[in-house]
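Chain and residue survey
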Amino acid sequence: MAVNDLLAERFARADRLYADLVDALTPEQLGSRLADLPSSTIGGQLWCVLGARESYPNAARAGSWQGFTSPLTDEQMTDASAVRAAFAQTAADVDGWLADLESDDDLRYALALLEHETQHHGQLIRYLYGLGIDRPESWQRQYALDEHE
């Protein structure tokens, strides 16, 4: 399997997990913070994922970091339909970018994006547990959650 195909497969799995999570969250949950801890909102975590999906491919195409941008504003991150639409659009954009990776630098940005997405999975699991929000079944399976309770 070509590296591009393998990355696209792994990214698609990460994206399905995000889609399942966003589909399960209410606007109130998207705006939730962990109590008594310095934290962003769940929506803020997702904002960062969306921004990385926009920013890493932009950097790869330009040959250097171009700054961090996100397709949604902080205020839009409690609008579940806007978040869903942004995840669908950025997934399609990243999939197209991954299909055209050419250089080692492109590959470095792609791996960094995948690492970033996975890191946010771990953070979001802590949010879900800390806020008492049910974990989607796909997250339960992927990360063997609640098996040792």
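Conventions used here
- Residues numbered from 1 in each chain as written.
- Predicted model: local features only at pLDDT ≥ 70, side-chain atom pairs only at ≥ 80, totals over all residues.
- Heavy atoms only, no water.
- Helix = DSSP H or I, 4+ residues; strand = E, 2+ residues; numbered from the N terminus.
- Rg over C-alpha atoms; globule rule 2.2 N^0.38 Å.
- Buried < 20%, exposed > 50% of the residue type's maximum accessible area, 1.4 Å probe, protein only.
- Contact = heavy atoms within 4.5 Å.
- Areas by Shrake-Rupley, 256 points an atom, 1.4 Å probe, with all protein chains shown as cover.
- Lys, Arg positive; Asp, Glu negative; His and termini not counted.
- Charge placed at Lys NZ, Arg CZ, Asp CG, Glu CD.
- Expected span 1.5 Å × (residues − 1).
- Core = buried A, V, L, I, M, F, W, Y, C linked by side-chain atoms within 4.5 Å.
- Phe/Tyr/Trp six-rings, centres within 6.5 Å; stacked < 30°, edge-to-face > 60°.
- Axes fitted to C-alpha atoms, helices over the stretch in contact; angles between N-to-C directions.
- Parallel < 35°, antiparallel > 145°, perpendicular 65-115°, else oblique.
- Left-handed = near helix turned anticlockwise from the far one by under 90°.
- Nonpolar A, V, L, I, M, F, W, Y, C, P; charged D, E, K, R; others polar.
- Polar contact = N/O pair within 3.5 Å; in protein donor to acceptor, adjacent residues only side chain to side chain.

Re the overall build of the chain
Secondary structure assignment for the chain yields six helices and zero strands. Here the chain has a C-alpha radius of gyration of 16 Å; the compact-globule value for 149 residues is 15 Å, and the two agree. In terms of principal-axis extent, the alpha carbons of the chain reach across some 45 × 35 × 25 Å. A burial count over the chain gives 44% of its 149 residues as buried. A separation of at least 24 residues holds for 65% of the contacts in the chain among residues at least 6 apart in sequence. When the accessible area of the chain is evaluated, it comes to approximately 8000 Å², of which 49% is carbon and sulfur surface. Averaged over its 11 positive side-chain charges, the chain has a centre that lies 4 Å from the centre of its 25 negative ones.

Observations concerning the environment of Ala-35
Relative to the elements of secondary structure, Ala-35 occurs in the loop between α2 (27-30) and α3 (42-62). Given a relative accessible area of 59%, Ala-35 falls into the exposed group. C-alpha of Ala-35 to C-alpha of Gly-122: the two residues are 87 residues apart in sequence and 18 Å apart in space.

Let's talk about helix α1 (residues 3-24)
Taking 1.5 Å per residue as the helical rise, α1 with its 22 residues ought to reach 32 Å, and the 32 Å between its terminal C-alpha atoms agrees with that figure. Contacts made by the buried residues of α1 are with α3, α4 (80-99), α5 (104-131) and α6 (137-143).

Brief notes about the nonpolar core
Counting 25 residues, the largest nonpolar core has Ile-42, Leu-46 and Phe-87 as its most contacted members. Of all the secondary structure elements, the ones that give two or more residues to this core are α1, α3, α4 and α5. In terms of residues, this core owes the most to one element, α4, which gives five residues. Apart from the residues lying within four places of it in its own chain, the contact partners of Phe-87 are Asp-15, Tyr-18, Val-22, Leu-46, Val-49, Leu-50 and Arg-53.

Here's the deal with the packing of aromatic side chains
For the structure on display, the rule yields six aromatic pairs. Plain terms: the ring middles of Trp-47 and Phe-68 are 5.4 Å apart, the flat faces sit at 50° to each other, and that makes the pair tilted. Highlighted residues: Trp-47 in helix α3 and Phe-68 in the loop between α3 and α4, separated in sequence by 21 residues. Ring plane angle 55° and centroid distance 6.2 Å describe the contact between Trp-139 and Tyr-143, whose orientation is recorded as tilted. Separated by four residues within a single helix, Trp-139 and Tyr-143 lie in helix α6, roughly one turn from each other. Accessibility expressed as a relative area gives 30% for Tyr-143, which makes it partly exposed. One aromatic cluster is present, built from ring pairs that chain together Tyr-18, Phe-87, Trp-139 and Tyr-143.

Looking at the packing of α1 against α5
α5 packs onto α1 with a crossing angle of 25° between their chain directions and a minimal axis gap of 11 Å. Classified by the angle their axes make, α1 and α5 are roughly parallel. Where α1 crosses over α5, the handedness of that crossing is left-handed. Contacts from Val-3, Leu-7, Arg-10, Phe-11, Ala-14, Leu-17, Tyr-18 and Leu-21 of α1 reach α5 at Leu-107, Ala-110, Leu-111, Leu-113, Leu-114, Glu-117, His-120, His-121, Leu-124 and Leu-128. Residue classes in the contact of α1 with α5 are distributed as 14 nonpolar, two polar and two charged.

Details of α5
Taking 1.5 Å per residue as the helical rise, α5 with its 28 residues ought to reach 40 Å, and the 40 Å between its terminal C-alpha atoms agrees with that figure. For α5, the N-terminal cap is Ser-103; the gap from its side-chain oxygen to the backbone nitrogen of Asp-105 is 3.3 Å. Looking at the residues trailing α5, positive phi occurs at Gly-132, about 70°.

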